[in-house]
Amino acid sequence: MNTRFSRIVVMLAAVLALPFAAQLAVAQAPAGPQGGAPPPPKPAQQPPPQQTPAKTQQAPPAQSGTSISVEVPVVTMDVVATTQHGDILTGLKRENFRITDDGVPQTISNFAPTDAPITIVMLMEFSSRGYAYWFSSQARVWAPAFFPNLQQKDWVALVTFDMKTRTEVDFTQDKNEVLNAIYHLYFPGFSESNVFDAVLETTDKLKDVAGKKSILLLASGVDTFSKHTLDQTLKQLRQSDVTIFVIGLDKTYTNFLELHGSTGSHMQYLQAENQMKTFAQLTGGFAWFPQFDGELPGIMQQVASFLRHQYSLSYTPSGGANDGKFHKVKVELVAPDGGPLTVVDQKGKKQKYVVYAREGYVAPKAGGVVENSAPAKKGQVSVSVP
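Enquirer: Mind showing me how you'd approach the nonpolar core here?
Expert: When a protein is soluble and globular, its nonpolar side chains tend to lie buried together. Grouped together as the largest cluster of nonpolar side chains are 40 residues, with contacts concentrated most on Met 122, Met 124, Leu 216 and Leu 218. Excluding its chain neighbours within four sequence positions, the residues that come into contact with Leu 218 are Met 122, Leu 123, Met 124, Glu 125, Ala 139, Trp 142, Ala 143, Ile 247, Leu 249 and Met 300. Core analysis: the second largest hydrophobic core is formed by 25 residues, Val 242, Ala 280, Leu 282 and Ala 287 among them.

Following this line, the structure appears as structure tokens:
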């Protein structure tokens, strides 16, 4: 009895000791990746925060800098200098030019001889005015003398006018196409000669043509039926960047009339000459009024020389020039020390010289839109603000 009871007590003690032995074994297990014990329990996780719909926000602007666009007027002019005999002066440098804007000296920022292809419109009077269609016939005879002076890279168009303006050949590098069109001009239709309208319409069409462009005007200059007045024509030419060269058709006609005993007044032709001279002077070109057919080859060569030996001058007006007004510009030749430039011929004899450039430009108006402001071109300067 006692023995059996003792065994039961010993067995109960062994059973009760098992949990304690297991806990002791866990406590003494080695730590680290080679240990067989499970990892320690993770801390209790907090409930996730309540989510609210996010508000749409624009990304903040970069803090590195902000770009500000500043409009700066830049005036660019094409200039030609010749002797009093018409010989082109070459080899001139930046320091040989002095520019004043409304009498204020300016600093030339860019200077370079121009070598761009010629882009020119041959604008011919083709009316029935004059004895035996004199002016249209004269234009057809004289115009081809220009083409031997053109190069393959040059562009030329043919436009004729009487009471309306007509594009006979658009811009092309095929000179024969234009020549053929001239040869196939037969009988003019109207006696009106609307030279003011023709010049302005052609100038307006050239507005979107890039680079240097010019008009070679062959006309008597007498205007008979234009919608525009002379003042309107001159005002718009001041705002243009097209150079006009003039070959007058009137001298041969008035000489013919005088030779055949005409006693009438030729005042209208003298007035027309003055008007066409003004077209050329305003735009930096030149006007010729030949009396004989033999003068044409030399004149046409001079036209091409003017276009191929121009100097491009740029400056930023010191006064800002944002007033929307016409600014008078004067270009002079000077020696490097600022004194008068001396030009001599091959024999060492001093020569007078002439500078051909636009008389001025119409400045853009601050805060407004300016039409036909090509002579006063705009550049942009980027300013970084930290």
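Next comes the rest of the account.
Enquirer: Whenever I open this one, the pairing of strand E6 (residues 155-161) confuses me. Can you help?
Expert: A regular strand places its side chains on the two faces of the sheet in alternate fashion. Taken across its seven residues, E6 has six buried, putting it largely inside the fold. In this structure, strand E5 (residues 119-125) lies alongside E6, joined through seven bridges in parallel fashion. Considered in E6, the bridge of Glu 125 is made with Phe 161. Pairing of E6 with strand E7 (residues 165-172), which is carried by five bridges, proceeds in the antiparallel orientation. When the bridges of E7 are listed, Leu 158 appears paired with Val 169.

Enquirer: Sorry, what's going on with the pattern of salt bridges here?
Expert: Oppositely charged side chains are able to pair whenever their charged atoms sit close together. For the structure shown, the criterion picks out nine salt bridges. Taking the shortest distance from any N to any O, the salt bridge between Asp 204 and Lys 207 comes out at 3.4 Å. You can call Lys 207 partly exposed: its relative accessible area is 41%. For Lys 328, the salt bridge is made with Glu 359, and the minimal N-O distance between the two is 3.8 Å.

Enquirer: Honestly, the packing of aromatic side chains in this entry has me stumped. Any pointers?
Expert: Each aromatic ring pair is specified by the distance between its two centres and by the angle formed by the two planes. Applying the stated criterion across every chain yields a total of 18 aromatic pairs. Summarising the aromatic geometry, the rings of Phe 146 and Phe 147 are spaced 6.4 Å apart at their centres and angled 70° between planes, so their arrangement reads as edge-to-face. Like Phe 147, Phe 146 is buried. Here the aromatic rings of Phe 245 and Trp 288 are separated by 6.4 Å at their centres, their planes lie at 25°, and the arrangement is stacked. Note that Phe 245 is positioned in strand E9 (residues 243-248) and Trp 288 in strand E10 (residues 287-288), a separation of 43 residues in sequence. Residue classification places Phe 245 among the buried positions, given a relative accessible area of 0%.

Enquirer: So what exactly am I meant to see when it comes to the sheet that holds E6 here?
Expert: Read from one edge to the other, the open sheet built from six strands follows the order E7-E6-E5-E8-E9-E10, with strand pairing classed as mixed. Single-partner strands in this sheet number two, and they are E7 and E10. The strands touched by helix H2 (residues 134-142) are E5, strand E8 (214-219) and E9; relative to E5, the strand with the most contacts, the crossing angle is about 150°.

Enquirer: Please explain the sheet that holds strand E2 (residues 97-101) as it appears in this structure.
Expert: Backbone-to-backbone hydrogen bonds pair the strands of a sheet. The strands run either parallel or antiparallel. Taken together, the four strands give an open sheet; going across it, the order is E3-E2-E12-E14, and neighbouring strands pair in antiparallel fashion. The outermost strands of the open sheet, each flanked by one partner alone, are strand E3 (104-105) and strand E14 (360-362). Of the pairings in the sheet, the one linking strand E12 (residues 326-333) to E14 comprises three bridges and is antiparallel in character. Across the sheet, residue His 327 finds its bridge partner in E14, namely Tyr 361.

Enquirer: I keep staring at the packing of H2 against helix H6 (residues 250-259) and nothing clicks. Help me out?
Expert: Helix-helix packing is characterised by the crossing angle of the two axes and by the distance between the axes. With their axes 10 Å apart at the nearest point, H2 and H6 run at an angle of 130° to one another. Considering their axes alone, H2 and H6 lie oblique with respect to each other. Our pair here, H2 against H6, has a crossing hand that is right-handed. Residue-level inspection shows Trp 134, Phe 135, Gln 138 and Trp 142 of H2 in contact with H6, the latter providing Asp 250, Thr 252, Tyr 253 and Phe 256. For the contact of H2 with H6, a count of residues per class yields five nonpolar, two polar and one charged.

Enquirer: I keep staring at helix H3 (residues 175-183) and nothing clicks. Help me out?
Expert: In an α-helix, one turn spans 3.6 residues, which is why side chains three or four residues apart end up on the same side. The complete set of buried residues in H3 reads Lys 175, Val 178, Leu 179, Ala 181 and Ile 182. Each buried residue of H3 lies within a common arc of 160° when the element is viewed along its axis, so the set occupies one face. Regarding H3, its N-cap is Asp 174, as a side-chain oxygen of that residue lies 3.2 Å from the backbone nitrogen of Asn 176 further along.

Enquirer: Can you walk me through unusual backbone geometry in this structure?
Expert: Residues apart from glycine generally show negative phi values, whereas peptide bonds are mostly found in trans. A positive phi angle, close to 55°, is found at Asp 102, a residue other than glycine. Considering the arrangement of structural elements, one finds Asp 102 in the loop between E2 and E3.

Enquirer: Explain helix H5 (residues 230-238) to me, please; I cannot follow it from the model alone.
Expert: Within H5, burial applies to Thr 233, Leu 234 and Leu 237. The buried side chains of H5 occupy one side of the element, clustering within an arc of 95° when seen end-on. Away from its buried face, by an angle of more than 90 degrees, H5 presents the exposed residues Asp 231 and Lys 235. Looking at the buried side of H5, the elements it contacts are helix H4 (195-205), E9 and helix H7 (267-283).

About the thresholds
- Residues numbered from 1 in each chain as written.
- Predicted model: local features only at pLDDT ≥ 70, side-chain atom pairs only at ≥ 80, totals over all residues.
- Heavy atoms only, no water.
- Core = buried A, V, L, I, M, F, W, Y, C linked by side-chain atoms within 4.5 Å.
- Buried < 20%, exposed > 50% of the residue type's maximum accessible area, 1.4 Å probe, protein only.
- Contact = heavy atoms within 4.5 Å.
- Helix = DSSP H or I, 4+ residues; strand = E, 2+ residues; numbered from the N terminus.
- Pairing = 2+ DSSP bridges.
- Salt bridge = Lys/Arg side-chain N within 4 Å of Asp/Glu carboxyl O.
- Phe/Tyr/Trp six-rings, centres within 6.5 Å; stacked < 30°, edge-to-face > 60°.
- Axes fitted to C-alpha atoms, helices over the stretch in contact; angles between N-to-C directions.
- Parallel < 35°, antiparallel > 145°, perpendicular 65-115°, else oblique.
- Left-handed = near helix turned anticlockwise from the far one by under 90°.
- Nonpolar A, V, L, I, M, F, W, Y, C, P; charged D, E, K, R; others polar.
- Arc of directions from axis to C-beta.
- Polar contact = N/O pair within 3.5 Å; in protein donor to acceptor, adjacent residues only side chain to side chain.

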